[in-house]
Amino acid sequence: TLITLILIGMTCLGICGTAFAYYIREHVSKDIDIDLDDFSLNFTSFIYYVDENGNEIEMEELHGKENRVWADIEEIPQTLQDAFIAVEDNTFREHNGVNWKRTIGAAVNYIVPIRDNFGGGSTITQQLIKNLTGDDDTTVKRKIQEVMRALELDKNYEKDDILEMYLNTIYFGQSAYGVRQAAYTYFGKELSELT
């Protein structure tokens, strides 16, 4: 009886696995290519004038809905980088774009709701993809596509490139996009002055 149950279980897993692979090949895998250079972000523009001493003086700051000033990863204090990694994705430096333990846990919790506050399985890489594409549908297809894109992105880019783009993309409220503008908006400080 035990051997029969094991064989039935293995057969069911094989059928489900084959159906899942077919679904990915036909409906998801064509859309996983992602290139960070293909995405354009809205940046704040500055208008300067030259005073009588030849000094450039900022006259006006122009921005639309998104108030963003780019910060290279070298300009972002290490403590700030570490804080984001600790809060958002503490295994960021170790995983391949996807935290499989959290993702499988979130999938199981989606199918069989065990806890209300389980949280998602999204990594910093996956959050970056969601922010860049604007795709936040709550569908299985979108989540599978996001996972595949995260694997591809992590394979093609350094962790610091992904973190840099993420820290310049996220929204902090008050029209502040990215850590440089958030530092100025909330603390009136330059990034380098944050502790």
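Above this text you will find the structure in question.
What you are looking at is a predicted structure, and each value in this text was computed from that prediction instead of being measured. (Residues numbered from 1 in each chain as written. Predicted model: local features only at pLDDT ≥ 70, side-chain atom pairs only at ≥ 80, totals over all residues. Heavy atoms only, no water.)

Student: Is there a simple way to explain the packing of helix 4 (residues 124-133) against helix 6 (residues 159-169) in this structure?
Tutor: Two measures define how a pair of helices packs: the angle their axes make with one another and the distance between the axes. Packing of helix 4 against helix 6 brings their axes to within 10 Å, and their N-to-C directions diverge by 50 degrees. With respect to their mutual orientation, helix 4 and helix 6 come out oblique. Two packed elements cross with a definite hand, and for helix 4 against helix 6 that hand is left-handed. Within the contact between the two elements, helix 4 uses I124, T125, Q127, L128, N131 and L132 and helix 6 uses I162, L163, M165, Y166 and T169. (Axes fitted to C-alpha atoms, helices over the stretch in contact; angles between N-to-C directions. Helix = DSSP H or I, 4+ residues; strand = E, 2+ residues; numbered from the N terminus. Parallel < 35°, antiparallel > 145°, perpendicular 65-115°, else oblique. Left-handed = near helix turned anticlockwise from the far one by under 90°. Contact = heavy atoms within 4.5 Å.)

Student: What is the right way to read the pattern of salt bridges from this model?
Tutor: A pair can form between side chains of opposite charge whenever their charged atoms are brought close. On inspection of all chains with the given rule, the structure shows 7 salt bridges. The partner of E146 in a salt bridge is R142, and the shortest N-O contact between them spans 2.4 Å. Taken together, the positions of E146 and R142, both in helix 5 (residues 140-156) and 4 residues apart, correspond to about one turn of that helix. Like R142, E146 is buried. Here E152 and K155 are joined by a salt bridge, their closest N and O atoms 3.5 Å apart. Of the two residues, E152 and K155 are both situated in helix 5; the distance of 3 residues between them amounts to about one turn of the helix. When its relative accessible area of 61% is taken as the criterion, K155 is described as exposed. In the salt-bridge network here, residues are joined through shared partners; they are R142, K143 and E146. (Salt bridge = Lys/Arg side-chain N within 4 Å of Asp/Glu carboxyl O. Buried < 20%, exposed > 50% of the residue type's maximum accessible area, 1.4 Å probe, protein only.)

Student: Help me out: how do you make sense of helix 7 (residues 179-187) in this one?
Tutor: Counting along an α-helix, one turn takes 3.6 residues, and residues three or four places apart therefore face a common direction. Within helix 7, burial applies to V179, R180, Q181, A182 and A183. Looking one or two residues past helix 7, G188 carries a phi angle of roughly 65 degrees, positive in sign.

Student: Sorry if this is basic, but what is going on with helix 6 here?
Tutor: With 9 of 11 residues buried, helix 6 lies mostly within the body of the structure. Every buried residue of helix 6 is listed here: K159, I162, L163, E164, M165, Y166, L167, N168 and T169. Where helix 6 is buried, its residues contact strand 3 (67-68), helix 2 (78-88), helix 4, helix 5, strand 4 (176-177) and helix 7.

Student: I keep staring at the packing of helix 4 against helix 5 and nothing clicks. Help me out?
Tutor: Taken N-terminus to C-terminus, the directions of helix 4 and helix 5 make an angle of 110 degrees; their axes are 9 Å apart at the nearest point. Comparing the axis directions of helix 4 and helix 5 gives the class roughly perpendicular. Crossing handedness for the pair helix 4 and helix 5: right-handed. For the pair formed by helix 4 and helix 5, the contact residues are T125, Q126, L128, I129, K130 and T133 on the first element and R142, K143, E146, V147, R149, A150, L153 and D154 on the second. Residue classes in the contact of helix 4 with helix 5 are distributed as 5 nonpolar, 3 polar and 6 charged. (Nonpolar A, V, L, I, M, F, W, Y, C, P; charged D, E, K, R; others polar.)

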